[in-house]
Amino acid sequence: MRSDQECKTATPSRDFLAGGGEMGRLIRDHNWTESVCGWPHEWSQSLRTVVSLVLSSTQPMAVLWGEHGICIYNDAFSQSLGPRQHPGSLAQPAREVWRDIWHMIGSEFEQVLTGKGSIRQINRAIPTTRHGQQESIQWIYDFTPVDDLSAPYGLGGVLVTCNEVSDLANANQMLDVKCEQLTQMFNKASTFMALMSGPNHRFELSNPSHDQVVGHRPILGRFVSEALPDAKEQGFVRILDRVFATGEPYTADRARYRIQADPDRPAKERILNFVYRPVFGADDQVSAIFAEGIDVTEQVQTQEELERVNNELADTLRRLKAIEQRKSFRLKLTDRLRTLVDPNEIAAAATELLGRFLGVTRVFYGDFTKAGDAVIIRPGWTTEGADSMAGAEIRLEDFGPEVASQVKSGNPFVLGDATTDNRSAGYAQAYLDRDIKAVLAVPVLKAGSLQVLLGLHDSKVHHWSAQEIALAEDVVDRTWAAIESARAQAELRRERDYSEYILNSMTEGFASISADWITTHFNAEASRISQLSSFDVVGRNHWEVWPELKGTAVEELYLRVMQTRKSSTAEVPHLTPNGTQVWLEIRAYPAINGGLAVFFRDITERKRVDEEIRHASLHDPLTGLPNRAMLFEYAAHLLPHNQRAARGTQAQGFLFCKPISGEEFERWYRAKANSQQNVGT
């Protein structure tokens, strides 16, 4: 620092204070009388030079002159002081200007002023009062010594150059935070990321997710082809080369990458969605490639498994639906055929239902000729607009030897496309002439001979499923069974009608009774005799219809025949519903089912004649009185009773008196002599 005498003897020129803005004016107008520096015209050349430099600079600058650090600053520096310190800091000692922070910067000032070197602080936080509030401001500042030969250590003061970098520091801090955040995001991202630089694709960055994808192999600083030979083998390096050369990104969806991290272990396949993005340098040329993607192996496998399960479920539902449809078809077929008794009607109904269900052109039954080499087509079902083939005779050989051979063997013949199938292509015209593209033929083989053929034609290509073939075979079986049943039932009806005719033609009543006493047959003569219709009797319990027969000879007869399984006969009186007393002869026979076959007839007239004959034989025709025959019969009837009553007493006897001649007496006496019986006359 220069002495006061030096200031007084300095050049009086003040041109160095020209300009300088507000601070230039304040310095010029300031009363420097009390200042240790003296008036400006007295300042040393070093001070004037540095002040001129400060005032002309837009950079915040100040001069701390002399050992007290008298403060002289420019307009830019004044912005850092605030209204509390500016303009009052002009020409004030540094210690006073920065009293609050002198403990922070004072030593630095002393260090520079004593020749111990310059000071540079970067991002130094200095408490600063602004707008009435103290703030911590970030600064970059330099304390530079100003040479002055007349001053101690040859240094006249300190030049302060500063910049407030709070915004920059905050920005850098935010940038550091963001970088840290980005680093964390990069490292913690579920997506894999990597940066490969140069045309040889050197790994510069790789996050943990990418490390996992490549099997945690050391890749940083290495080329892709070197670090990941499996990726090169699978063509990924060629893709990188193309992206680097064209500058166009590459996107992959569900790319499969087989990881061979350990040559001694099997490769693992990963499924990746990723993109290779070119990174352009300052020269607008590709300098690197950024790879980003996600390992979707588990998701894809889960999705594929879900799709598989869904497909299986859908297939199961389709099968179940098809099964239900076929069941419904079979029920409809059964219901439809149940009411039909004519074989032709049965065949027609079956072909119509099958044709509509399968959506084909034509369904029919055909009869084989005796030779078995041709089929005569019966009337069947034909879709609207298609020609019927009813009545036509088709030779199997006309459609190819395979058709004839397979049908004659009794096996179904299946043809999905007559024009392309090797078995029929050479005979395609025979099919096309009849508007046939697909054929399903099911022969019926019974007792070693061909009976009928179920034929299905379609005018379009139709690849018959196993279910359709099975359904057609089932229809054949059901139709054949229905036709056979209809024929058998027709025969049974004929036999039943004949049996009923025979039974109703009988002159005897007939009834069949089951083992549980249900009347199952009752012919016309039985209705006439009993005066009950078959509707009143058949299907009802015998004892409900005739309760009065319980406990009679009729029940005894029926039970005896059921138990002994031997026929028996009884004659019983019976009171008809109109009150007429009749006599019935009942013959009961054991039936096969454990029941009875009962024949009965009205013997009332016979009983009356027999009674008249008997009456005549027992009575005198002139007087009507009982004759000797009746008396003998009466005696024969009573004798056993009298003998039982008088058993153990004297002998009993009967005396008949009649006048006789001597001749008759003689004959009687002779007979008496030869008789051992004691009979009196």
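All values derive from a computational prediction rather than experimental measurement.

The rules behind the values
- Residues numbered from 1 in each chain as written.
- Predicted model: local features only at pLDDT ≥ 70, side-chain atom pairs only at ≥ 80, totals over all residues.
- Heavy atoms only, no water.
- Helix = DSSP H or I, 4+ residues; strand = E, 2+ residues; numbered from the N terminus.
- Buried < 20%, exposed > 50% of the residue type's maximum accessible area, 1.4 Å probe, protein only.
- Contact = heavy atoms within 4.5 Å.
- Areas by Shrake-Rupley, 256 points an atom, 1.4 Å probe, with all protein chains shown as cover.
- Pairing = 2+ DSSP bridges.
- pLDDT = per-residue confidence, 0-100.
- Axes fitted to C-alpha atoms, helices over the stretch in contact; angles between N-to-C directions.
- Parallel < 35°, antiparallel > 145°, perpendicular 65-115°, else oblique.
- Left-handed = near helix turned anticlockwise from the far one by under 90°.
- Nonpolar A, V, L, I, M, F, W, Y, C, P; charged D, E, K, R; others polar.
- Patch = residues over 30% accessible without salt bridge, like charges linked within 9 Å, V, L, I, M, F, W, Y side chains within 5 Å.
- Salt bridge = Lys/Arg side-chain N within 4 Å of Asp/Glu carboxyl O.
- Phe/Tyr/Trp six-rings, centres within 6.5 Å; stacked < 30°, edge-to-face > 60°.
- Lys NZ or Arg CZ within 6 Å of the ring centre and 35° of its normal.

**Thoughts on the overall build of the protein**
Thought 1: For the protein, the helix and strand inventory stands at 23 helices and 22 strands.
Thought 2: Buried residues in the protein amount to 39% of all 681 residues.
Thought 3: A fraction of 47% describes how many contacts in the protein between residues 6 or more apart in sequence connect residues 24 or more apart.
Thought 4: Accessible surface for the protein amounts to roughly 39500 Å². Of this, 52% is attributable to carbon and sulfur atoms.

**Describing the pairing of strand S7 (residues 202–206)**
Thought 1: Bridge count between strand S6 (residues 192–197) and S7: four bridges; the pairing is antiparallel. Paired with serine 197 across the bridge in S7 is arginine 202.
Thought 2: Hairpin connection, S6 to S7: the antiparallel pair is bridged by four residues, and glycine 198 has positive phi, about 75°.

**Observations regarding the confidence of the model for the protein**
Thought 1: On average, the protein scores 83 in pLDDT, and the residues at 70 or more come to 89%.
Thought 2: Mean pLDDT per element in the protein: helix H1 (residues 4–8) is the minimum at 42, and helix H11 (residues 236–246) is the maximum at 94.
Thought 3: Ignoring residues within four places in sequence, the model shows residues 676–681, a span with pLDDT below 50, making four contacts including any to other chains.

**Quick look at the packing of helix H12 (residues 297–338) against helix H16 (residues 466–505)**
Thought 1: The geometry of H12 relative to H16 is characterised by a closest axis approach of 11 Å and an angle of 15° between their N-to-C directions. Viewed along their axes, H12 and H16 adopt a mutual orientation that is roughly parallel. In the packing of H12 onto H16, the handedness of the crossing is right-handed. Across the interface between the two elements, Arg326, Phe329, Arg330, Leu333, Thr334 and Leu337 from H12 touch Gln467, Leu471, Asp474, Val475, Arg478, Thr479 and Ala482 from H16.
Thought 2: The residue inventory of the contact of H12 with H16, partitioned by class, reads six nonpolar, three polar and four charged.

**Considering a nonpolar patch on the surface**
Thought 1: A cluster of nonpolar residues, Leu313, Leu317, Leu320 and Ile323, forms a patch on the protein surface that exposes about 350 Å² of accessible area.
Thought 2: As for its placement among the helices and strands, leucine 313 is situated in helix H12.
Thought 3: For leucine 313, a relative accessible area of 46% puts it in the partly exposed group.

**Focus on the packing of aromatic side chains**
Aromatic rings in a pair are described by how distant their centres are and how their planes are angled relative to each other.
Thought 1: One pass over the full model with this rule turns up 18 aromatic pairs.
Thought 2: Taken together, a centroid distance of 4.8 Å and an interplanar angle of 45° make the contact between phenylalanine 274 and tyrosine 276 tilted. Grouping residues by exposure puts phenylalanine 274 and tyrosine 276 together as buried.
Thought 3: Every member of this aromatic cluster is reached through a ring pair, and the members are Phe236, Tyr250, Tyr257, Phe274 and Tyr276.
Thought 4: Over the face of the ring belonging to tryptophan 543 we find lysine 550, whose NZ or CZ atom lies 5.2 Å from the ring centre.
Thought 5: One residue, lysine 607, lies across the ring of tryptophan 583, its end atom 4.5 Å from the ring centre.

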